[in-house]
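Examining the three-dimensional arrangement
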Amino acid sequence: MTYGAIAEYVGAGGPRQVGAVMSHYGGPVPWHRVVNASGRVVPGHEQEALRRLRNEGTPLRGDRVNLKVALWWPED
């Protein structure tokens with residue numbers, strides 16, 4: 001999911017607020033799966049995030065997640 005999609009799903013805040021929460025509390029969750037609207041991974045942790053995404057078989061275009069193929073939305 002993207003930061004903006006998470007904010008939309010929870011119905012509060014915006015992408016920056018989601019990023020702030022992830023930076024403080026995101027360690028125990030699959031943080032590497034949260035990307036920005038263009039598919040870029042977490043700044044400062046690019047190599048680790050890309051390594052994890054490749055190991056999971058996530059579709060990539062260079063160093064970005066291919067959102068047309070990989071975008072996920074939770075089922076209600």
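The paragraphs below set out a description of the structure included in this document. (Residues numbered from 1 in each chain as written. Predicted model: local features only at pLDDT ≥ 70, side-chain atom pairs only at ≥ 80, totals over all residues. Heavy atoms only, no water.)

1. Observations concerning the overall build of the chain
Scanning the chain from N- to C-terminus turns up 4 helices and 2 strands. Counting helices and strands in the order they occur from the N terminus, the chain gives α-α-α-β-β-α. The C-alpha atoms of the chain give a radius of gyration of 12 Å, which matches the 11 Å a tight globule of 76 residues would have. Along the first, second and third principal axes, the C-alpha atoms of the chain reach 30 × 25 × 20 Å. Scored against the burial criterion, the 76 residues of the chain give a buried share of 30%. Across the chain, the fraction of contacts at a sequence separation of at least 24, relative to all contacts at a separation of at least 6, is 45%. (Helix = DSSP H or I, 4+ residues; strand = E, 2+ residues; numbered from the N terminus. Rg over C-alpha atoms; globule rule 2.2 N^0.38 Å. Buried < 20%, exposed > 50% of the residue type's maximum accessible area, 1.4 Å probe, protein only. Contact = heavy atoms within 4.5 Å.)

2. Digging into the packing of helix H1 (residues 3–10) against helix H2 (residues 15–25)
Two elements in contact, H1 and H2, have axes whose closest approach is 8 Å; the angle formed by their N-to-C orientations is 100 degrees. The angle between H1 and H2 places the two elements in the roughly perpendicular class. Across the interface between the two elements, Tyr3, Gly4, Ile6 and Ala7 from H1 touch Pro15, Val18, Gly19 and Met22 from H2. Tallied by class, residues from the contact of H1 with H2 come to 6 nonpolar, 2 polar and no charged. (Axes fitted to C-alpha atoms, helices over the stretch in contact; angles between N-to-C directions. Parallel < 35°, antiparallel > 145°, perpendicular 65-115°, else oblique. Nonpolar A, V, L, I, M, F, W, Y, C, P; charged D, E, K, R; others polar.)

3. Focus: the packing of aromatic side chains
Summed over all chains, the structure comprises 1 aromatic pair. Between Tyr9 and Trp73, the ring centres sit 5.6 Å apart and the planes meet at 85 degrees, which makes this aromatic pair edge-to-face. Of this pair, Tyr9 sits in helix H1 while Trp73 sits in the segment after helix H4 (67–70), placing them 64 residues apart in sequence. Taking the relative accessible area as the measure of exposure, Tyr9 reaches 40% and is therefore partly exposed. For Trp73, a relative accessible area of 40% gives the class partly exposed. (Phe/Tyr/Trp six-rings, centres within 6.5 Å; stacked < 30°, edge-to-face > 60°.)

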